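Overview (structure and organization)
Okay, here's what each chain looks like letter by letter:
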Amino acid sequence: MRIALGISYNGGAYQGWQSQASGQTVQDRLERALSLFTTQDEVKTLCAGRTDSGVHGLMQVVHFDTPALRPESAWVRGTNRYLPADIAVQWARQVPDAFHARALARSRRYAYVLLESPVRPSVDAGRVGWYFRPLALEPMRQAADLLIGEHDFTSFRAAQCQSHSPVKNLLRVDIVQRGPYWRFEFEANAFLHHMIRNIMGCLLAVGSGAQPVSWMQTVLQARRRDIAAPTFSPDGLYFLGPVYDPEWQLPTRTAAFDWLP
């Protein structure tokens, strides 16, 4: 049968999601745990969206096929028994064979949590980005609005990006401030490699007054990575998960969502 899982993880100790020869990725740890729990030689998972080294996940969704019969609650508790403390299965559902974690995702959501402070983070080091200059909300919102819609995002694309097309549809960017913490939330049909971290670098250049709002339009239209801001830190980036049609009856959030500013 086909099983879907919702996974949360702190990505600080891992080389991203995608399995690598080193074995030090979130996918490697998850598949190892599933193999131990099911006593299968190998369990292969397919995810909704890959994350980079250091990026966290609040609700990564994966699916896999298995002959093992377990209650949904047992998939959660049993798999978590074999996972390290910084990775946890949040929920499990048996799904029809037609379900596909990646292909059926209507959109994907990320949040970037940023600390604006003259002093670097301490207790939340690795869990928030850091910017030491004062930021202005309205210029960043105006600059973000220029990116909404379907565009060629080549200027925000990493050189090693494997996407077949740089054209993506950015559905929304929400920016809110809570004390010294900022939360930037992004939703798109799909994202390019480093796309959000590259957009963040540009938004902060505008928010700090280093660049005018109109500069974001110039960067977008240039379709050249070299004129945009440097790629920002992965520390505060969280994959909030995919959005599916209601017919699949999958959870839309986990408890981990509620501690973010």
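For the structure, see preceding data.
Residues numbered from 1 in each chain as written. Predicted model: local features only at pLDDT ≥ 70, side-chain atom pairs only at ≥ 80, totals over all residues. Heavy atoms only, no water.

Side note on the pattern of salt bridges
If you walk through the whole model with that rule in mind, you get 11 salt bridges. As a salt-bridge pair, Lys44 and Glu31 come within 3.8 Å of each other at their nearest N and O atoms. Residue Lys44 is located in the loop between helix H1 (26-38) and strand S2 (46-47), and its partner Glu31 is located in helix H1; the two are separated by 13 residues in the primary sequence. Residue Lys44 is classed as exposed on the basis of its relative accessible area of 51%. By relative accessible area, Glu31 is classed as buried at 7%. One salt-bridge network, held together by shared partners, links Arg172, Asp174, Arg183, Glu185 and Glu187. (Salt bridge = Lys/Arg side-chain N within 4 Å of Asp/Glu carboxyl O. Helix = DSSP H or I, 4+ residues; strand = E, 2+ residues; numbered from the N terminus. Buried < 20%, exposed > 50% of the residue type's maximum accessible area, 1.4 Å probe, protein only.)

Here's the deal with unusual backbone geometry
The backbone phi angle of His194 is positive, close to 70°, even though this residue is not glycine. By the element assignment, His194 lies in the loop between strand S9 (181-188) and helix H4 (195-207). Assessed through its relative accessible area of 18%, His194 is described here as buried. With phi around 55°, Gln249 is a residue other than glycine that occupies positive phi space. With respect to the element layout, Gln249 can be found in the segment after strand S10 (237-243).

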